[in-house]
Amino acid sequence: VRTTRYIVIAKERAKYISQCIDEIKQELKQDNIAVKANAVCKLTYLQMLGYDISWAAFNIIEVMSASKFTFKRIGYLAASQCFHEGTDVIMLTTNQIRKDLSSPNQYDTGVALTGLSCFVTPDLARDLANDIMTLMSHTKPYIRKKAVLIMYKVFLKYPESLRPAFPRLKEKLEDPDPGVQSAAVNVICELARRNPKNYLSLAPLFFKLMTSSTNNWVLIKIIKLFGALTPLEPRLGKKLIEPLTNLIHSTSAMSLLYECVNTVIAVLISLSSGMPNHSASIQLCVQKLRILIEDSDQNLKYLGLLAMSKILKTHPKSVQSHKDLILQCLDDKDESIRLRALDLLYGMVSKKNLMEIVKKLMIHVDKAEGTTYRDELLTKIIDICSQSNYQYITNFEWYISILVELTRLEGTRHGHLIAAQMLDVAIRVKAIRKFAVSQMAMLLDNAHLIASNTQRNGICEVLYAAAWICGEFSEHLEEANQTLEAMLRPKVTTLPGHIQAVYVQNMVKLYASILQQKERSGEKEGAQEITQLMIERLPQFVQSADLEVQERASCVLQLIKYIQKLQIKEVPVAEEVIALFAGELNPVAPKAQKKVPVPEGLDLDAWINEPPSDSESEDEKPKTIFHDEEQRHSRHRQPEIDEEELARRREARKQEQANNPFYIKSSPSPQKRYQDTPGVEHIPVVQIDLSVPLKVPGMPMSDQYVKLEEERRHKQKLEKDKKKKKQKKEKRGKHHRHNSLHTESEEDIAPAHHVDIITEEMPENALPSDEDDKDPNDPYKALDIDLDKPLADSEKLPVQRHRNVETLKSPDSEAPLVEKKSKKPKKKEKKHKEKEREKGKKKEKEKKVVEEEEEKKKSSKHKKKKHKKEKDEKSKDKKKSKKKSHHSEEETTESVQNGTLDDEPLPPMSSYRLLAENPYIKMTYDIQGNLQNDSQVTVSVIFENKSTSFLKSMELNVLDSLNTKMLRPEGSSVHDGIPVPFQLPPGISNEAQFVFTLQSIVMAQKLKGTLSFIVKNDEGSTHEKLDFKLHFSCASYLITTPCYSDAFAKLLESGDLHMSSIKVDGISISFQHLLAKICFHHHFSVVERVDSCASMYSRSIQGHHVCLLVKKGENSVSIDGKCNDSTLLSNLLDEMKETLSKC
Amino acid sequence: MHANHTDARLCLLSSHAGYYTVLAEIAFKVHGPVLLRVFVHIMSEDTQQQIIRETFHLVSKRDENVCNFLEGGLLIGGSDNKLIYRHYATLYFVFCVDSSESELGILDLIQVFVETLDKCFENVCELDLIFHVDKVHNILAEMVMGGMVLETNMNEIVTQIDAQNKLEKSEAGLAGAPARAVSAVKNMNLPEIPRNINIGDISIKVPNLPSFK
């Protein structure tokens, strides 16, 4: 790195670096590994500075494979920094890594593991999974812990490894070394966090760890894990509360305390009902959190607020009492803390404190520096007030005033939000319209303030709302003339186009209502004056550059000119003009459109009309706003307007409203709206309690309302007190302001107005709410694997086979996988089905376990011991129930081999048979045919070290027969054994595979063989031997092959099959079970099954077809078989007879 | 280059996150180039640079006495992820972690890391990090592997590092051990920062650390 240090100093960096890189390239070409390593080291530094060094990947590998640790480490470091899945040379590293993993030097292994953890690819994971798994039982804890941790990466890249590796991972939870234990907890927690339901069964184990461990890191992880598990199993939560509470009381570590509180909260959420001492725990949590929040450490404060917001969701009341604290946090100088506090406030409001909180927030709005935070405050205020359908607002006048006050904010981006609120409130709260209109009129009057200051910002959006409200509810307007004039000011033309358009439209509404007013009172001159005013001022809009404004304005202008003519003739026009805007608006829920069910027989993709033709009738309904308007207005010029016409226009108007940009978001399809919209008379009538004078001169001050509200409440309270003197009540002194916080209950506050908030409409038969689907690309989905299911034979980690297998099986290096791959798709399907079936069962089982535990807890104080005992017993029982005892790792296997079987639970089966056993070692084996090669079978042997000594130099040899021979490496004689490619530490098992070639497969074969090995223990080493007999049954030459029933029928029809049959008596097992046995042990698949009769099929490695017809009688089973080869068939049937007679 | 861009020296270690446990660990200096960085999952160089820039921008403008957490932006993988940092004199150490990690735990981990550096380099200074990037990486590798916390016990880490160094020396004999930068540089001044002593026994009290067992 000596050279690179100058980089820091060098000014002409780029030039220097290119020089450097040239130099490095030179160095890399040299043979001296030390020079190369140094060059790679420099490259690592350059990479960190942001330079691409992927071109040197091959050199990095060279350095990785150096024999000295110093260089190796440099190589691996570089690799971990720059290798990734796309690096093509990465596949060259497999063997090097494997070598390093098994290096006698623990740091070589360590460095390889560290490197691998950064650049593991699916291929590497698959190839090395088994090696890493062996390392998990390494004697050195340093290696163990790394191996355990890296398994997580392996699982991610190669999910198939999870199930085979999981038992050992579980063992590591109880490793004597705390580092290894912590790594195992880490990995399992990480796995469980993504797919918690698969790990529920580990809960008791974790529970034990939690109560026994003193390592805070481990505790934190476990407690976090429990937080993820409790939502799935509420009973677990009940058990957790106590130890967690104890921890909360006892620990001095804030981090642990915090996580405990968090998990208790999660538990409480999951328990939301039926927990007696519920409130005590919540109180405890809230108390502790308060301590955190009050701490001077900002970090604790932040976390405290974060956790508080979780409690808030389910237990708002307990948080509300800490309002003072939260409000204090708003003054904090740290913005993250302020934002957190704001979040909390959202959930804390109630009817009684809303005004107070908002008042505080308004003060903050004034004080706030920086627009982002202020905007955040603004949105929060609106969110808080509008939440759950304005639930907490008791006085809408106050709210409108708040909104109006907010419009004075300079430079906010949220004008449209305020506008939307104004519109929403004005439309939905009928009682407030009068007040709203007066406020809006004032806004319009002061529009110059809003528009001039902040034209670029969004605040002028409120004028949109103001204009619309004044126009639509013009009947409430007291000084309509003034407002109209305000809207016609020249300044308006500087507003954005869409606002001007609304202005123009609503001017007409205003005009209409003024006209009506004047005509009624007989002020003809006044009416004409107002018309004149319109005609004078409208041209400024006609000249607008905005198309829509122009269009609307010219229509309106023409309309009014026409009205003027009528007025001159002294024809009363007001009623007709006002009729243009008759009809009432209803708010429609935002989701309404989505929820409209598609009526039967309606094809949404079909043309509704024939493509437009020229002969459109004049009466055809307008389709766009512009059409609509033009038509509407031009039509109006005709003097005679009959009722029908009016009704039609009303409809047209509705249609227009449906198309109005403001409505669009919430309206269902227009036709639907008509049907579903109840008439005006359905809207609940509002009674206004006018006990409080409404008149507030000038711009409203929301504070006044707060005061008024308090007075009002006080009055109300007094009245109530009078009425209900007998009723027991807390005393409210005159200083109600103080105790109102604590004593007043929600229900006591009657809203100032009896306000009926018109609910948003939904179509009648709205569909249930739509669910969001999970992200299908979730990388953790692959790890959603049921871990409680017994392991199947095919589920083992790919093992490094001895050379022959790879060279002979197929030219492809992936050969060992091929057979597995061919099975995989089928497997997955099956897994799916089974999962579903087992889900129910599993749940029951889990519940049972928890229940049992609870019982135990009651009955005995030594619950842990007993629990353990019982567990042991259970597992013993399990073992007994298995037909044969098998190897621990591959203990059981999936029960069914064929997807067509279902319904019944099947006992576990294993195809691994005992090969030989002595006090040191146990061998079990399984034979599988090889589809790729018609004269080969693979024998997988599991070696299990039963002793306490180390077993090494294992060598397996068989005496070849004429027909069957073991495949040996080239150049070795037939008498040479094949070394087993691993050593066995005590208690460990591993699997090796051997390939045999066969001439004929029609007969079963037996081969004698010997395993020789060296036993090494403290006393020294001895040479041992174990003889065995390898039995090749005919079934082992068969390969489970699915077959469709039609193909099966054709095969039988062809007539070139030999036939034979057997009958076995005394069968008591179910037919289902029986089929499963045949499938599993004899490699058949079910073609069809009808009642207690089934046809089955299989194929030998040499292509013989074997067809079976299995029938079950009362107590017997008859099997008819057909096969190309009669000897094979009879041998197969004999084997089957033997299997079945064991049933 | 970013250094010119921000006129600040960033030192960024970011470790490979267990898919995303510890997403990125970044330590950068207030003014100057990135000293160290480790990224866990695969991103383009541009994204990495952008993350560093943005992180630096976010972290450096924060006051001294505000909380050490920053909620994740889109760049670092959304709301599940947080930036957790500590500021030591001229250096920032930043970890990006997801919700499976305890926030306070990570703060302590940073402390453990810095103290381990201090032990391994005997009074660590900023230049140590520049000159011995590889060593810093090696130390980090003993603590965080593939984005997952591997070891939190400082004594254990130091033991392993020492053993590896010994092995290296025995292999190299004379060649190894580059001369340490003796120049008078600002020390990182550890005792100044032990803010989280009040976090309790999980946190590390400077200078005497209770072990994590």
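Residues numbered from 1 in each chain as written. Chains lettered and ligands numbered in written order. Predicted model: local features only at pLDDT ≥ 70, side-chain atom pairs only at ≥ 80, totals over all residues. Heavy atoms only, no water.

A. Structural context of helix α17 (residues 298–314) of chain A. With 17 residues, α17(A) ought to run about 24 Å at 1.5 Å a step, and its terminal C-alpha atoms sit 26 Å apart, in line with that. The N-capping residue of α17(A), defined by a side-chain oxygen 2.7 Å from the backbone nitrogen of Asn299(A), is Asp297(A). (Helix = DSSP H or I, 4+ residues; strand = E, 2+ residues; numbered from the N terminus. Expected span 1.5 Å × (residues − 1). Polar contact = N/O pair within 3.5 Å; in protein donor to acceptor, adjacent residues only side chain to side chain.)

B. Quick peek at the environment of Phe155(A). Tracing the chain through its elements places Phe155(A) in helix α9 (residues 141–157). As for Phe155(A) and Pro122(A), which are separated by 33 residues in sequence, their C-alpha atoms are 9.3 Å apart.

C. Up close: the side chain of Asn262(A). In this structure, Asn262(A) sits in helix α15 (residues 254–270). Judged by relative accessible area, Asn262(A) falls into the buried class, the value being 12%. (Buried < 20%, exposed > 50% of the residue type's maximum accessible area, 1.4 Å probe, protein only.)

D. Spatial organisation of the packing of helix α3 (residues 103–120) of chain B against helix α5 (residues 133–143) of chain B. Residues and elements named next belong to chain B. For the pair α3 and α5, the least separation of the axes is 11 Å and the interaxial angle reads 135°. In terms of orientation, α3 and α5 fall into the oblique class. When the axes of α3 and α5 are compared, the crossing they make is right-handed. Of the residues in α5, those in contact with Leu109, Val112, Phe113, Thr116, Leu117 and Cys120 of α3 are Val136, Ile139, Leu140 and Met143. (Axes fitted to C-alpha atoms, helices over the stretch in contact; angles between N-to-C directions. Parallel < 35°, antiparallel > 145°, perpendicular 65-115°, else oblique. Left-handed = near helix turned anticlockwise from the far one by under 90°. Contact = heavy atoms within 4.5 Å.)

E. Up close: the pattern of salt bridges. All names here are of chain A. Per the counting criterion, the structure on display carries 25 salt bridges over all chains. With a closest N to O distance of 3.0 Å, Lys42 and Glu27 form a salt bridge. Here Lys42 is found in helix α3 (residues 33–48), whereas its partner Glu27 is found in helix α2 (residues 13–29), with 15 residues between them in sequence. On the accessibility criterion, Lys42 (3% relative accessible area) is buried. Glu27 sits in the buried class, given a relative accessible area of 14%. Notably, a salt bridge pairs Lys380 with Asp343, separated by 3.1 Å at the nearest N-O pair. (Salt bridge = Lys/Arg side-chain N within 4 Å of Asp/Glu carboxyl O.)

F. Quick peek at the confidence of the model for chain B. All names here are of chain B. Overall, the prediction assigns chain B a mean pLDDT of 63, with 55% of residues at 70 or greater. Per-element mean pLDDT across chain B ranges from 26 in helix α1 (residues 2–6) up to 86 in α3. With pLDDT under 50 throughout, residues 1–24 is counted as low confidence; its partners more than four residues away or in other chains account for 155 contacts. Note that residues 174–213 has pLDDT below 50 and, in this model, 87 contacts with residues that lie over four places away or in other chains. Interface confidence in the predicted complex, given as ipTM, is 0.73; pTM for the same model is 0.53. (pLDDT = per-residue confidence, 0-100.)

G. Structural detail: α15(A). Taking 1.5 Å of rise per residue, the 17 residues of α15(A) would be expected to cover 24 Å, and the 24 Å separating its terminal C-alpha atoms lies within 8% of that figure. With 15 of 17 residues buried, α15(A) is to be regarded as a mostly interior element.

H. Structural view of the packing of aromatic side chains. Within the structure shown, the criterion is met by 13 aromatic pairs over all chains. Ring centres of Trp398(A) and Tyr399(A) lie 6.4 Å apart, and the angle between their planes is 35°; this geometry places the pair in the tilted category. Of the two residues, Trp398(A) and Tyr399(A), neither departs from the other in class, the shared state being buried. Taken together, a centroid distance of 5.9 Å and an interplanar angle of 80° make the contact between Phe93(B) and Phe113(B) edge-to-face. Taken together, the residues span a long stretch of sequence, with Phe93(B) in strand β5 (residues 91–97) and Phe113(B) in helix α3 at a distance of 20 residues. Considered together, Phe93(B) and Phe113(B) belong to a single accessibility category, that of buried residues. (Phe/Tyr/Trp six-rings, centres within 6.5 Å; stacked < 30°, edge-to-face > 60°.)

I. Spatial organisation of the packing of α9(A) against helix α11 (residues 178–194) of chain A. Residue and element names in this part refer to chain A. Contact pair α9 / α11: the axes reach a minimum separation of 8 Å and the direction vectors enclose 10°. The orientation of α9 relative to α11 falls into the category roughly parallel. On α11, the residues touching Pro141, Arg144, Lys145, Val148, Leu149, Tyr152 and Phe155 of α9 are Gly179, Val180, Ala183, Ala184, Asn186, Val187, Glu190 and Leu191. Split into classes, the residues belonging to the contact of α9 with α11 amount to ten nonpolar, two polar and three charged. (Nonpolar A, V, L, I, M, F, W, Y, C, P; charged D, E, K, R; others polar.)

J. Structural context of a nonpolar patch on the surface. Residues and elements named next belong to chain A. On the surface, Phe58, Met91 and Leu92 cluster together into a nonpolar patch covering about 340 Å² of accessible area. The topology assignment puts Phe58 in helix α4 (residues 57–64). For Phe58, a relative accessible area of 45% translates into the label partly exposed. (Patch = residues over 30% accessible without salt bridge, like charges linked within 9 Å, V, L, I, M, F, W, Y side chains within 5 Å. Areas by Shrake-Rupley, 256 points an atom, 1.4 Å probe, with all protein chains shown as cover.)

K. Quick look at the sheet that holds strand β8 (residues 1005–1017) of chain A. Residues and elements named next belong to chain A. Spatially, the four strands line up as an open sheet ordered β6-β4-β8-β9, and their pairing is antiparallel. Only two strands of the sheet have a single partner each, and these edge strands are β6 (978–979) and β9 (1020–1032). The sheet contact formed by strand β4 (residues 950–958) and β6 spans two bridges and is antiparallel. Each residue of the ladder has a partner; that of Glu955, found in β6, is Pro979. (Pairing = 2+ DSSP bridges.)

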